[in-house]
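The chain contents come next:
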Amino acid sequence: MKDASKKRKNYNFKIGCVITVFVLLFVLVGMIWTPYPPEAVDASAKLSGSSLKHPFGCDQLGRDILSRVMAGSRITLFAAFGTVLLGGSIGILIGAFTGYFGGILDEVLMRIMDVMFAFPSILLSLVVIAVLGPGNYQTVLALGIAFVPSFARIVRSEFIRCKELEYVRLARLSGAGNLRIMFVHILPNIRPVLLSSLMIGFNNAVLAEASLSYLGIGVQPPYASLGRMLSEAQAYIFVSPGSCIWPGLVLILMILGFSLMSDGIKTEVHERKRWKRKKVY
Amino acid sequence: MKQVIKKIITTVLTLVIVSFLLFLAFELIPGDPARAKLGTDATPEQIAALRAQMGLDRPLLERYVTWLFAFFTGDFGTSYSYSMPVGEMILDKLPITVTLTLMAFCMTVIISIPLAILMAKHEGGITDSILSAINQVIMAVPPFFSGILLTLFFGVLLKLFVPGDFVSYDVDMGKFLSYLFFPALAIALPKIAMAVKMLKSSLLAEMKNDYTKTAYSRGNDTSGVLYKHVLKNAFLPVLTFFGMALADIFTGSIVVEKVFNIPGIGRILMTSISNRDYPVVEAIIMMMALVVIVTNLCVDLIYRKMDPRITVE
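Everything numeric here is computed off the predicted structure, so don't read it as measured data.

> Any details on the overall build of chain A? Residues and values, ideally.
What chain A contains, in helices and strands, is ten helices and zero strands. Secondary structure elements of chain A occur, N-terminal to C-terminal, as α-α-α-α-α-α-α-α-α-α. Judged by the C-alpha coordinates and their principal axes, chain A covers about 75 × 50 × 35 Å. By the burial criterion, 52% of the 281 residues in chain A qualify as buried. Pairs at least 24 apart in sequence give 71% of the contacts found in chain A among residues at least 6 apart. In the form shown here, chain A has an accessible surface area of approximately 13,100 Å², with 67% of it arising from carbon and sulfur atoms.

> Lay out the overall build of chain B with the relevant residues and their values.
Helix and strand counts for chain B stand at 14 helices and zero strands. For chain B, the succession of helices and strands along the chain, N to C, is α-α-α-α-α-α-α-α-α-α-α-α-α-α. If one aligns the C-alpha atoms of chain B with their principal axes, the spans along those axes are about 85 × 55 × 30 Å. Contacts spanning at least 24 positions in sequence make up 72% of the contacts within chain B whose residues lie at least 6 apart. By element, 67% of the accessible surface of chain B is carried by carbon and sulfur atoms, the whole surface being about 15,400 Å². Distance between charge centres in chain B, computed from 26 positive and 24 negative side chains, equals 9 Å.

> Can you break down the state of the cysteines residue by residue, with the values?
Within the structure shown, the criterion is met by zero disulfides over all chains. There is no disulfide at B:Cys298, and the cysteine sulfur nearest it, in B:Cys106, is 15 Å away.

> Quick rundown of the packing of helix α8 (residues 143-157) of chain B against helix α9 (residues 173-207) of chain B? Include the residues and the values.
Any two packed helices are characterised by the angle at which their axes cross and by the distance between the axes. Residues and elements named next belong to chain B. Packing of α8 against α9 brings their axes to within 8 Å, and their N-to-C directions diverge by 135°. Between α8 and α9, the interaxial angle falls into the category oblique. Along this stretch, α8 crosses α9, giving a crossing that reads as right-handed. For the pair α8 and α9, contact is made by Pro-143, Ser-146, Gly-147, Leu-150 and Phe-154 and by Phe-182, Leu-185, Ala-186, Leu-189 and Pro-190, respectively. Here the residues of the contact of α8 with α9 are counted per class, giving eight nonpolar, two polar and no charged.

> Account for the confidence of the model for chain A, naming residues and giving values.
Residues and elements named next belong to chain A. In the predicted model, chain A carries a mean pLDDT of 82, and the fraction of residues at 70 or more is 91%. Across chain A, the element-wise mean pLDDT spans from 77 in helix α1 (residues 2-32) up to 90 in helix α2 (residues 65-101). For the stretch residues 1-7, pLDDT sits under 50, and the model shows four contacts to residues farther than four places along the chain or on other chains.

> Describe the nonpolar core, and please don't skip the residues or the numbers.
Soluble globular proteins tend to bury their nonpolar side chains together. Formed by 152 residues in total, the largest nonpolar core has its most connected members in A:Phe119, B:Leu203, B:Phe260 and B:Leu269. Setting aside residues no more than four positions away along its own chain, B:Leu269 makes contact with A:Leu126, B:Ile254, B:Val281, B:Ile284 and B:Ile285. Of all hydrophobic cores here, the second largest spans 14 residues; its members include A:Ala96, A:Tyr100, A:Cys162 and A:Ile186.

> Got a sec to walk through the interface of chain B and chain A? Specific residues and values, please.
Where the parts come together, the accessible area they lose is often given as the size of the interface. Each partner contributes residues to the interface: chain B has 47 residues there, and chain A has 40 residues. Between chain B and chain A lies a buried interface of about 3,800 Å² when both sides are counted; carbon and sulfur atoms form 77% of it. At the surface where chain B touches chain A, the tally comes to one salt bridge. Our count for the chain B to chain A interface comes out at four residue pairs in polar contact (both at pLDDT 80 or more). Of all the secondary structure elements, the ones that give two or more residues to the side of chain B that touches chain A are α1 (2-27), α7 (126-139), α8, α9, α11 (222-259), α12 (265-275) and α13 (278-306) of chain B.

> Requested: an account of the packing of helix α8 (residues 191-214) of chain A against helix α9 (residues 226-233) of chain A, with residues and values cited.
Residues and elements named next belong to chain A. Taken N-terminus to C-terminus, the directions of α8 and α9 make an angle of 40°; their axes are 7 Å apart at the nearest point. If you check the angle between α8 and α9, you find them oblique. For the pair α8 and α9, the crossing hand works out as right-handed. Of the residues in α9, those in contact with Ala-210, Ser-213 and Tyr-214 of α8 are Gly-227, Arg-228, Leu-230 and Ser-231. Considered class by class, the residues forming the contact of α8 with α9 number three nonpolar, three polar and one charged.

> Tell me about the packing of aromatic side chains, and please be specific about residues and values.
This model, assessed by the stated rule, comprises 22 aromatic pairs over all chains. Within the aromatic cluster, the residues linked to one another by ring pairs are B:Phe20, B:Phe23, B:Tyr64, B:Trp67, B:Phe71 and B:Phe72. We note B:Lys258 situated over the ring of A:Tyr214; from NZ or CZ to the ring centre the distance is 4.8 Å.

> Could you give an account of the pattern of salt bridges, naming the residues involved and the relevant values?
All names here are of chain A. What the rule picks out here adds up to twelve salt bridges over all chains. The partner of Glu-232 in a salt bridge is Arg-63, and the shortest N-O contact between them spans 3.5 Å. With Glu-232 in helix α9 and Arg-63 in the loop between α1 and α2, this residue pair connects regions lying 169 residues apart in the sequence. Judged by its relative accessible area of 26%, Glu-232 is partly exposed.

> Go over unusual backbone geometry with me, naming the residues and quoting the values.
All names here are of chain B. Phi angles above zero are rare outside glycine, and Lys-159 is one such case at about 55°. Residue placement: Lys-159 occurs in the loop between α8 and α9. Residue class for Lys-159 comes out exposed when judged on its relative accessible area of 66%. Within the chain, Asn-261 stands out as a residue other than glycine whose phi angle is a positive 60°. Here Asn-261 shows up in the loop between α11 and α12. Its relative accessible area of 40% is what places Asn-261 among the partly exposed residues.

Reading guide: rules and limits
Residues numbered from 1 in each chain as written. Chains lettered and ligands numbered in written order. Predicted model: local features only at pLDDT ≥ 70, side-chain atom pairs only at ≥ 80, totals over all residues. Heavy atoms only, no water. Helix = DSSP H or I, 4+ residues; strand = E, 2+ residues; numbered from the N terminus. Buried < 20%, exposed > 50% of the residue type's maximum accessible area, 1.4 Å probe, protein only. Contact = heavy atoms within 4.5 Å. Areas by Shrake-Rupley, 256 points an atom, 1.4 Å probe, with all protein chains shown as cover. Lys, Arg positive; Asp, Glu negative; His and termini not counted. Charge placed at Lys NZ, Arg CZ, Asp CG, Glu CD. Disulfide = S-S within 2.5 Å. Axes fitted to C-alpha atoms, helices over the stretch in contact; angles between N-to-C directions. Parallel < 35°, antiparallel > 145°, perpendicular 65-115°, else oblique. Left-handed = near helix turned anticlockwise from the far one by under 90°. Nonpolar A, V, L, I, M, F, W, Y, C, P; charged D, E, K, R; others polar. pLDDT = per-residue confidence, 0-100. Core = buried A, V, L, I, M, F, W, Y, C linked by side-chain atoms within 4.5 Å. Buried area = accessible area lost by both parts, 1.4 Å probe. Salt bridge = Lys/Arg side-chain N within 4 Å of Asp/Glu carboxyl O. Polar contact = N/O pair within 3.5 Å; in protein donor to acceptor, adjacent residues only side chain to side chain. Phe/Tyr/Trp six-rings, centres within 6.5 Å; stacked < 30°, edge-to-face > 60°. Lys NZ or Arg CZ within 6 Å of the ring centre and 35° of its normal.

Written out as structure tokens, the structure is:
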């Protein structure tokens, strides 16, 4: 029975990889070539369904949905990467310093992180957007800030776990400085945990960006993000359901791919190290 | 008991910090609300008079304390764009959002627990595999898209409800509740999927413990072991998740309210953000923060009650 479940979980990782590669290819191709320019209007094909000319159909203005989805998923993907990059790097820095050094800095920063962590990320990003005003950079900034605490907490607990391990002591004996130990010795060793949490973070970022754009306060026109396309297409759901379904489908595939991969990595880590995530109280 | 008091003090402290940060954030916004209200051709005297009237000429800390006390006495300030008390604006919309949240939360709890038990019981079987696969996909569906799909499927194809035909609770309670069913389901679906996954893995982990073997050796069948012994222990980690889910559902309702065209708190918040109506935004976000913090406190207290080990530490 155990073998069966193990096998299935390994499938998870592979399926996730395949889906992600597919989505990335879709986005990459969209960067170089789209069937039509995303903003080009074909007045004769307004709200048309799938056809040879427009495989995904056209939206209310007669814009080709396939082209728009290709362009839109790029925007969504970039926004999510930006968010993870920003939130991840700040989170890793905070987690590393607080976990490694401890002390008063740890207390203060972690209290703040706990407070922030208790908040749903959409609420935090709403505050930032309410203050800064809606916009593309503001969206990434807002989401990035909202994602700092989750990374900081994970990295911190990993650093606390690692800092007294044999290899760290040896590195210290051989004269390595604190910074070197932190970023050359410990950081690469927590790679699997980090990777899977970055992937989950990426998923949440895609989801949060899509929600904000759907609400109209995320990525601003003329950029077509997937969430925005969905909110525009929803008014025509009776006439042309396709214009809603395709952007949503790409969104699902994007999230599904990464979540399957992060699941796979987690299982792998679990199997290999019997690593158990402990909640630090 | 001592720990409980300590926990409550921490919560109050958190509340103070959060409210101060929130207040500060809105203070940092460039621009003068008095000037914005009066327009460009107001004289400096008029502006000064309005500033005094709005209390903007007093020091920051004093204004913060006044604001916080006013908030807890139910005075949420006055909306810039509607010139009416924020409390009035929110009050009759609040039941809508709260009902939606509670419905979604109940669905999450009622559906996820039996489903997880079922899947854990038949681990590795066909039922489990199929449900797990579906679960994995549902987890990847954003709530607003599942809302759109539900609208499409149940509203447009099966005609079980009319999208956008919202009836307020003071007009017809029955219609109000039945309209909220699908929105609540849309919010609940991803949460159900996550809860099922967590509870299932928690159950399976508990099943590997020694006490499970003891329970089996004493003549219990799988159901007996599951319900009498494992479930209570396996439920503990999931409890935290349910707490977070409640907070998440409450804030996530903002998005789903838009999908189903429900005039709740979310809609006021969105219009206020685009109108730069800061007192309203401030009040709603502070209210949501309060709900989140209080929920966390409750979860923590229930957790202590259910797991005496924590109190010993």
